[in-house]
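Commentary on secondary and tertiary structure
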Amino acid sequence: MIDLPRSSYYFEPLAITDEDLEIMKRMDKIYTDCPFYGYRKITQEFRNHGKIYNHKRILRLMQAMGIQALTPKMNLSKPNKDHLIFPYLLRNVSITKTNQVWSTDITYIPMYKSFAYLVAVMDWFSKYVLSWEISNSLDVHFCLSALDKALRSGKPEIFNTDQGSQFTSLSFVNKVLDNKIKLSMDSKGRALDNIFIERLWRSLKYEDIYLKEYRTFKELFEGMKNYFYFYNNKRTHQSLKYKTPADIFLNNKYN
């Protein structure tokens, strides 16, 4: 009734030290700028700025954040070997209209003395964010909720995800396929297969998250609601000839 996600009712700050959270916050900025960095390069980056931390500590915190040390993207969703992996369908495909391709991804969100996870669904042609959800855990439910909300706007021809356990789960896969949508999955370790949503995360973090330092789950929820309204309806994009995502998506969604 008050427009908060179900997960907020059960939100509890994770048991981790204040110093660890500060390190993780800095690591998130390093990784946002250099998504190809593993724990050794991140450890060295700290040392370059006079912060000496054991590389094992950095690796442990990267794992807590969901950052994969040996691949070029955040491993917030770990592959499930028991589930079917679908091929990547978008190589050399020209994106020419709205609702041709949607994609989804999860990102780590640093907060004051805590952190959360954010999932979003985006239309590739217009860069319009169709839906989003936040959670303090990486289960599939908040991803399904975001998918359900996005499908209220229509449906794409192709839906692209990574190979994470959330997106390869039967509940998620069946929801996509039952709607007669082709499912595409990033090649393992290739962050650039989902480049548009990766750019969204960078914009979100530098234009909002790093500036605000949200203290509570409710504050984060309200902040994300405000940011995505701004992103869709106010923020112009050079690639869209200085129009907003809403200008493109809402004017072309039935084409």
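Please refer to the structure higher up on the page.
Below is a short write-up of the structure. Only a predicted model underlies this, so the values are computations on that prediction, with no experimental measurement involved. (Residues numbered from 1 in each chain as written. Predicted model: local features only at pLDDT ≥ 70, side-chain atom pairs only at ≥ 80, totals over all residues. Heavy atoms only, no water.)

The helix and strand tally for the protein chain stands at 9 helices and 5 strands. Listed by position from the N terminus, the elements making up the protein chain come as α-α-α-β-β-β-α-β-α-α-β-α-α-α. Sorting the 255 residues of the protein chain into buried and exposed places 53% on the buried side. Counting contacts in the protein chain only where the partners sit at least 6 residues apart, residues at least 24 apart contribute 66% of the total. Accessible surface, the protein chain: about 13,100 Å² in total, of which carbon and sulfur atoms supply 51%. (Helix = DSSP H or I, 4+ residues; strand = E, 2+ residues; numbered from the N terminus. Buried < 20%, exposed > 50% of the residue type's maximum accessible area, 1.4 Å probe, protein only. Contact = heavy atoms within 4.5 Å. Areas by Shrake-Rupley, 256 points an atom, 1.4 Å probe, with all protein chains shown as cover.)

On to helix α3 (residues 55-65), then. Among the residues of α3, those classed as buried are Ile58, Leu61, Met62 and Met65. Projected onto a plane normal to the axis of α3, the buried residues spread over an arc of 105 degrees and lie on a single side. Relative to its buried face, α3 has exposed residues pointing more than 90 degrees away, namely Lys56 and Gln63. Residues of α3 that are buried sit in contact with α1 (18-33), α2 (39-48), β1 (101-111) and β2 (114-123). (Arc of directions from axis to C-beta.)

Glancing now at unusual backbone geometry. Non-glycine residue Lys127 carries a positive phi angle of around 65 degrees. Along the polypeptide, Lys127 turns up in the loop between β2 and β3 (129-135). Here Lys180, not a glycine, exhibits a phi torsion of approximately 60 degrees, which is positive. Mapped onto the elements of the fold, Lys180 is located in the loop between α6 (170-178) and β5 (182-185).

Moving on: the sheet that holds β5. On the basis of which strands lie adjacent, the open sheet formed by 5 strands has the order β3-β2-β1-β4-β5 and mixed pairing. Sheet topology places β3 and β5 at the edges, where each strand pairs with a single neighbour. Neighbour-to-neighbour, the strand axes of the sheet open up by a mean angle of 25 degrees, direction not taken into account. Pairing of β1 with strand β4 (residues 158-161), which is carried by 3 bridges, proceeds in the parallel orientation. If you follow Ser103 over to β4, its bridge partner there is Asn160. (Pairing = 2+ DSSP bridges. Axes fitted to C-alpha atoms, helices over the stretch in contact; angles between N-to-C directions.)

This paragraph deals with the nonpolar core. Core analysis: the largest hydrophobic core is formed by 44 residues, its most contacted members being Met27, Ile42, Phe46, Ile58, Phe159 and Phe172. Of the residues forming this core, the biggest block, 7 residues, is contributed by helix α4 (residues 141-151). With sequence-adjacent residues up to four places away left out, Ile42 is seen in contact with Met27, Ile30, Tyr31, Tyr37, Ile58 and Met62. Listed in part, the 23 residues of the second largest apolar core include Ile109, Ala116, Phe217 and Leu220. (Core = buried A, V, L, I, M, F, W, Y, C linked by side-chain atoms within 4.5 Å.)

Scanning the model with the defined rule gives 13 aromatic pairs in all. Consider the rings of Phe159 and Phe172, whose centres lie 6.0 Å apart with planes at 55 degrees: the pair is tilted. Residue Phe159 is located in strand β4, and its partner Phe172 is located in helix α6; the two are separated by 13 residues in the primary sequence. For Phe159, a relative accessible area of 1% gives the class buried. Aromatic side chains Phe167 and Phe172 sit 5.2 Å apart centroid to centroid with 70 degrees between the ring planes, which places their arrangement in the edge-to-face category. According to the relative accessible area criterion, Phe167 is buried, its value standing at 0%. Grouping aromatic residues by their ring pairs yields a cluster made of Trp132, Phe221, Tyr227, Phe228, Phe230 and Tyr231. (Phe/Tyr/Trp six-rings, centres within 6.5 Å; stacked < 30°, edge-to-face > 60°.)

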